[in-house]
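The lines below spell out each chain.
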Protein chains: 2
Amino acid sequence: MERVPILKIGDILLVSIQVDMSDQTAVQLQEDLAERIVATGCHGVIIDITALDIVDSFVGRMLSTIASISKVLDAETVVVGMRPAVAITLVELGLSLNGIRTALNVERGMELIAASRADDWDEAPGDEDAETTATP
Amino acid sequence: MERVPILKIGDILLVSIQVDMSDQTAVQLQEDLAERIVATGCHGVIIDITALDIVDSFVGRMLSTIASISKVLDAETVVVGMRPAVAITLVELGLSLNGIRTALNVERGMELIAASRADDWDEAPGDEDAETTATP
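Residues numbered from 1 in each chain as written. Chains lettered and ligands numbered in written order. Predicted model: local features only at pLDDT ≥ 70, side-chain atom pairs only at ≥ 80, totals over all residues. Heavy atoms only, no water.

Moving on to the pattern of salt bridges. All names here are of chain B. Per the counting criterion, the structure on display carries ten salt bridges over all chains. For R101, the salt bridge identified is with E76, shortest N-O distance 2.8 Å. In this pair, R101 is assigned in strand β5 (residues 101-103) and E76 in strand β4 (residues 76-80), connecting sequence segments 25 residues apart. Of the residues examined, R101 reaches a relative accessible area of 32% and is grouped as partly exposed. (Salt bridge = Lys/Arg side-chain N within 4 Å of Asp/Glu carboxyl O. Helix = DSSP H or I, 4+ residues; strand = E, 2+ residues; numbered from the N terminus. Buried < 20%, exposed > 50% of the residue type's maximum accessible area, 1.4 Å probe, protein only.)

Residues and elements named next belong to chain B. An order of β1-β2-β3-β4-β5 is seen for the five strands of this open sheet, with the pairing classed as mixed. Of all strands in the sheet, those with a lone pairing partner are β1 (6-9) and β5, marking the two edges. Between one strand axis and the next, the sheet turns through 30° on average, direction left out of account. Pairing of β1 with strand β2 (residues 12-16) involves four bridges; the strand directions are antiparallel. (Pairing = 2+ DSSP bridges. Axes fitted to C-alpha atoms, helices over the stretch in contact; angles between N-to-C directions.)

What follows is about the packing of helix α1 (residues 23-40) of chain B against helix α2 (residues 57-72) of chain B. Residues and elements named next belong to chain B. α2 packs onto α1 with a crossing angle of 20° between their chain directions and a minimal axis gap of 10 Å. One element, α1, and the other, α2, form an angle in the roughly parallel class. When the axes of α1 and α2 are compared, the crossing they make is right-handed. Contacts between α1 and α2 pair D23, A26, L29, Q30, L33, A34 and I37 from the former with F58, M62, T65, I66, I69 and S70 from the latter. Tallied by class, the residues present in the contact of α1 with α2 amount to nine nonpolar, three polar and one charged. (Parallel < 35°, antiparallel > 145°, perpendicular 65-115°, else oblique. Left-handed = near helix turned anticlockwise from the far one by under 90°. Contact = heavy atoms within 4.5 Å. Nonpolar A, V, L, I, M, F, W, Y, C, P; charged D, E, K, R; others polar.)

In this section: the relation of the copies chain B and chain A. Note on the identical chains: chain B maps onto chain A by a rotation of 180° and an axial translation of 0.0 Å, with an RMSD of 0.0 Å. Expressed as a symmetry operation, the mapping of one chain copy onto the other fits a two-fold axis. In this assembly, 100% of the residues forming the interface of chain B have copies in chain A that are likewise at the interface, indicating an isologous arrangement. (Least-squares fit on C-alpha atoms with pLDDT ≥ 70 in both.)

The next point concerns the interface of chain B and chain A. Of the residues lining the interface, 18 residues belong to chain B; the matching set on chain A comes to 18 residues. Regarding the contact of chain B and chain A, the summed buried area is about 1,400 Å², with carbon and sulfur atoms giving 62% of it. The interface formed by chain B and chain A contains two salt bridges. One salt bridge in this structure joins K8(B) and E107(A), with 3.1 Å as the shortest N-O distance. (Buried area = accessible area lost by both parts, 1.4 Å probe.)

By the secondary structure assignment, R3(A) is in the segment before β1 (6-9). R3(A) sits 26 residues away from L29(A) along the chain, and the two C-alpha atoms are 7.0 Å apart. If we skip the residues at most four places from it in the chain, R3(A) touches Q28(A), D32(A) and A51(B). A polar side-chain atom of R3(A) sits 3.0 Å from a polar atom in the side chain of D32(A). (Polar contact = N/O pair within 3.5 Å; in protein donor to acceptor, adjacent residues only side chain to side chain.)

The subject of this paragraph is the sheet that holds strand β4 (residues 76-80) of chain A. Residues and elements named next belong to chain A. Judged by pairing direction, the sheet is mixed, and its five strands sit side by side in the order β1-β2-β3-β4-β5 without closing on themselves. One side of each edge strand has no neighbouring strand; the edge strands of this open sheet are β1 and β5 (101-103). Adjacent strand axes in the sheet meet at a mean angle of 30°, parallel and antiparallel pairs treated alike. The strands touched by helix α2 (residues 57-72) are β3 (44-48) and β4; relative to β4, the strand with the most contacts, the crossing angle is about 150°.

Turning to the side chain of S16(B), a few remarks are in order. With respect to the helices and strands, S16(B) occurs in strand β2. Note on S16(B): relative accessible area 6%, which makes it buried. Within the structure, the side chain of S16(B) is placed 3.2 Å from the side chain of D48(B), a separation counted as a polar contact. Other than its neighbours up to four places away in sequence, S16(B) contacts P5(A), Q18(A), V4(B), P5(B) and D48(B).

Here it is in structure tokens:
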């Protein structure tokens, strides 16, 4: 069975999907990814699909599941590298990638995750405390 | 024909090899990589081989060729993610990865490239000028 490698780069886990995903490979990837998120404490998952010629409902569901699992583990998922033809087919098939954010390439995906983490911090309760202390 | 995706992360091009390399795929990867190095001006190439169960003489030669091409284009190549079994087989087969530097994972590979670039700068003639100016 093929196993999709997961690369850690700073606070982000990078997965580049290049092989045809079987049911088993997909489940294995979900498990591996969940374990790595917990083990590393990473807050972002970037899935690169540059190599995919087509994203069918199976792959779409897999991406949605990964995003949902990551969310529960406090990690943001961004899908990057989608080809124009893939985007067109997705829309034509009526597939919506539920709960999945996309970016053009890995670098923009990283920026998206960093920005989203920064927003989270702005909204964190810690900030309100700071304001309360500042009030005379 | 399968095409191995090349991901740009900052000053580094990342290639994750997951498919069995045919003659044609290897040549295509070399061409793509050379073009991307020139187009992006990146100074580092990281090749991840986590997914490879075996590195035979063909793959070894391909890695050496990529390293040589990158060197000519002023980019450093680091191979990362080699499995213990692969390392053992390489030595048993008597294959030496000529001109190839290795690191345990992507992050260490990035550090290696950054450190090596810093060394290059230290040895650059610009520094001697600075010293000359500093001398009274």
